[in-house]
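# Summary of structural features
Spelled out, the chains give:
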Amino acid sequence: MGKLHIYRRTGESPHWHAQVYVGGKRHRFTCRTTDKASARAYARRRVAELQAQHDRGLSGQPEAVSVSDVLTRYEREELPKLRPATQEWTQYILREMREWF
């Protein structure tokens, strides 16, 4: 991981921005705050997430998938294969699950 650089874009935004290289790729993002200490803490957390994402790719693990994406794919691909009564019951269960996820 490269050096984390915190900076402001003069005249464009009052918020702090950050730039870092992870795995040879440049990442730039806003820290969504005008406080430099808070910006630095946010940027460090974000860099840790980027590093973890990069490390997952190196180890051959797939990207993280949200539960919502899994449910949507199940509805699209598997639900039509079920009997009508089972489809109805499954849709009820999926609606309940979406409230939690």
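Let us look at the structure shown here. (Residues numbered from 1 in each chain as written. Predicted model: local features only at pLDDT ≥ 70, side-chain atom pairs only at ≥ 80, totals over all residues. Heavy atoms only, no water.)

Once that is clear, we can look at the pattern of salt bridges. Counted under the stated rule, the structure contains five salt bridges. The salt bridge involving lysine 81 is made with glutamate 78; its shortest N-O contact spans 3.4 Å. Assessed through its relative accessible area of 62%, lysine 81 is described here as exposed. Residue classification places glutamate 78 among the partly exposed residues on the basis of a relative accessible area of 31%. Because the salt bridges share partners, they merge into one network encompassing Arg73, Arg76 and Glu77. (Salt bridge = Lys/Arg side-chain N within 4 Å of Asp/Glu carboxyl O. Buried < 20%, exposed > 50% of the residue type's maximum accessible area, 1.4 Å probe, protein only.)

With respect to the helices and strands, histidine 5 occurs in strand S1 (residues 5–8). Sequence-wise, histidine 5 and histidine 17 are 12 residues apart; in three dimensions their C-alpha atoms are separated by 8.3 Å. The contact partners of histidine 5, leaving out residues within four places of it in the chain, are His17, Ala18 and Gln19. (Helix = DSSP H or I, 4+ residues; strand = E, 2+ residues; numbered from the N terminus. Contact = heavy atoms within 4.5 Å.)

Within strand S2 (residues 16–22), five of the seven residues are buried, leaving the element largely enclosed by the surrounding structure. When S1 meets S2, the two strands line up antiparallel, connected through four bridges. Looking across to S2, one finds that isoleucine 6 is bridged to alanine 18. Between the end of S2 and the start of strand S3 (residues 25–30), which pair antiparallel, lie two residues, with glycine 23 showing a positive phi angle near 65°. (Pairing = 2+ DSSP bridges.)

Let's shift gears to the nonpolar core. Formed by 13 residues in total, the largest nonpolar core has its most connected members in Leu4, Ile6, Ala18, Val20, Phe29, Cys31 and Ala43. Those elements that provide at least two residues to this core are S2 and helix H1 (36–58). If one sorts the elements of this core by residue count, H1 sits on top with five residues. Sequence-distant contacts of alanine 43, defined by excluding residues within four places in its chain, comprise Leu4, Ile6, Ala18, Phe29 and Cys31. (Core = buried A, V, L, I, M, F, W, Y, C linked by side-chain atoms within 4.5 Å.)

Residue position: histidine 17 is located in strand S2. Beyond its immediate sequence surroundings of up to four residues, histidine 17 is in contact with His5, Ile6, Tyr7, Arg9, Phe29, Thr30 and Cys31.

What follows deals with unusual backbone geometry. Non-glycine residue arginine 32 carries a positive phi angle of around 60°. With respect to the helices, strands and loops of the structure, arginine 32 is situated in the loop between S3 and H1. Assessed through its relative accessible area of 62%, arginine 32 is described here as exposed.

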